[in-house]
Amino acid sequence: SMMDTVKNSLSHFVQRATEKNIDLGMVQNADVHVFGNQDMLEILINNLVDNAIRYTPENGTVDVNLSKTDEGVVLEVADTGPGIPPSESQLVFDRFYRGKDTKAYGTGLGLSIVQEIADRHHGKVVLGKSKRLGGLSVKVQFNTDK
């Protein structure tokens, strides 16, 4: 299940999160299924979690949520980092994009990989601001009817 894939992914980052004293965990974990290549889905999750830990300052929080909606399954990775300025939010999907402020999101972000894997799984990547945490929220919405 997608929950196992997420837990598997999170296990790779425990050490790094601990080093930065980042509270990393799952908030919502609906036991949902996304059909497709689990290895690729894990790469997608790894990229998002890796970015979140990298750009979240020490003593921050990175939350991973899995929820079920009418449209399908939503995977969200949210953090307490600096977020992405709206003006740059389309550019970050560019494979070679580096943010103007290299401390913020953008530096070799790997979101192009996330986008590519999402596309193959009928998914859509949506960037926004996390209401709960104040930093970036990256949602991947999978249409599970396809």
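Worth saying up front: this structure is predicted, and the values here are computed from it rather than measured. Here the residue numbers are simple positions, counted from 1 along each chain's written sequence. This being a predicted model, a pLDDT of at least 70 is required before a residue's local features are given, and a value of 80 or more before pairs of side-chain atoms are given or counted; all residues contribute to the totals for chains, interfaces and linings. The side-chain quantities take in all heavy atoms of the structure and omit both hydrogens and water.

## Some remarks on the overall build of the protein chain
Point 1. Secondary structure elements are taken from DSSP: a helix is a run of H or I of four residues or more, a strand is a run of E of two residues or more, and numbering for both begins at the N terminus. Regarding its fold elements, the protein chain presents four helices and five strands.
Point 2. The linear arrangement of helices and strands in the protein chain, starting from the amino end, is α-α-β-α-β-β-α-β-β.
Point 3. Here the protein chain holds 146 residues, and the buried ones make up 49% of them.
Point 4. It only takes one pair of heavy atoms within 4.5 Å for two residues to be counted as in contact. Nonlocal contacts in the protein chain, meaning residues at least 24 apart in sequence, comprise 66% of its contacts between residues at least 6 apart.
Point 5. Here the Shrake-Rupley method, with its probe set to 1.4 Å, supplies the accessible areas, and only the displayed protein chains count as covering residues. For the protein chain, the accessible area works out to roughly 7600 Å², and carbon and sulfur atoms hold 49% of it. Each residue is placed in one exposure class: buried if its accessible area under a 1.4 Å probe, protein chains only, is under 20% of its type's maximum, exposed if it is over 50%, and partly exposed if it falls in between.

## What to know about helix α3 (residues 38-55)
Point 1. For α3, built from 18 residues, the straight-helix expectation of 26 Å at 1.5 Å per residue is met to within 8% by its first-to-last C-alpha distance of 26 Å.
Point 2. Burial within α3 is extensive, with 13 of its 18 residues counted as buried.
Point 3. Two or three places before D39, at the start of α3, stands the capping residue N37, its side-chain oxygen 2.9 Å from that residue's backbone nitrogen. An expected span of 1.5 Å times one less than the residue number is assigned to each helix. Polar contact is the term for a pair of N or O atoms within 3.5 Å; when the atoms are in protein, one must be able to donate a hydrogen and the other to accept it, and sequence-neighboring residues count only if both atoms are side-chain atoms.

## Re the nonpolar core
Point 1. Here, nonpolar core refers to any group of buried Ala, Val, Leu, Ile, Met, Phe, Trp, Tyr and Cys residues whose side-chain atoms link them within 4.5 Å. In terms of nonpolar packing, the biggest core is built from 35 residues, with M2, L44, L48, L75 and V140 touching the most fellow members.
Point 2. Counting only elements with at least two residues in this core, the list comes to α1 (2-11), α3, β2 (61-68), β3 (72-79), α4 (111-120) and β5 (136-143).
Point 3. Once residues within four sequence positions are removed from consideration, L44 is found in contact with L75, V114, I117, A118 and V140.

## Things to note about the packing of α1 against α3
Point 1. Every axis corresponds to a line fitted to the C-alpha atoms, with the helix fit spanning only the stretch in contact, and the corresponding angles, defined between N-to-C directions, vary from 0 to 180 degrees. Running from N to C, α1 and α3 cross one another at 50°; their axes reach a closest spacing of 9 Å. Overall, the two elements α1 and α3 adopt an arrangement that is oblique. As for how α1 packs across α3, the hand of that crossing is right-handed. Two secondary-structure elements touch here, α1 through M2, T5, V6, N8, S9 and L10 and α3 through Q38, L41, E42, I45, N46 and V49.
Point 2. Tallied by class, residues from the contact of α1 with α3 come to six nonpolar, five polar and one charged. These descriptions rest on fixed angle ranges, namely under 35 degrees for roughly parallel, over 145 for roughly antiparallel, 65 to 115 for roughly perpendicular, and the rest for oblique. We call a crossing left-handed when the near helix sits turned anticlockwise from the far one by less than a right angle, and right-handed when that turn is clockwise. Under the scheme applied here, ten amino acids are nonpolar (Ala, Val, Leu, Ile, Met, Phe, Trp, Tyr, Cys and Pro), four are charged (Asp, Glu, Lys and Arg), and all others, including Gly, are polar.

## Describing the sheet that holds strand β4 (residues 123-129)
Point 1. For two strands to be treated as a pair, DSSP must find no fewer than two bridges joining them. Taking strand neighbours across the sheet as the criterion, the five strands line up as β1-β2-β3-β5-β4 in an open arrangement whose pairing is mixed. A strand with exactly one partner marks an edge of an open sheet, and here the two such strands are β1 (23-29) and β4. Across this sheet, the average inter-strand angle for adjacent strands is 15°, counted without regard to direction.
Point 2. Where α1 meets the sheet, its contacts fall on β1, β2, β3 and β5, and the angle it forms with β1 comes to roughly 175°.
Point 3. Of the strands in this sheet, β1, β2, β3 and β5 touch α3, which is tilted by about 25° from β3.

## Structural notes on unusual backbone geometry
Point 1. You will see that N21, though not glycine, has its phi angle at about 55°, which is positive.
Point 2. Position of N21 relative to the elements: it lies in the loop between α2 (14-19) and β1.
Point 3. A positive phi angle is found at N59, which is not glycine, with a value near 65°.
Point 4. Counting through the fold element by element, N59 comes out in the loop between α3 and β2.

Everything listed here is a matter of coordinates, which is why it stays silent on function.
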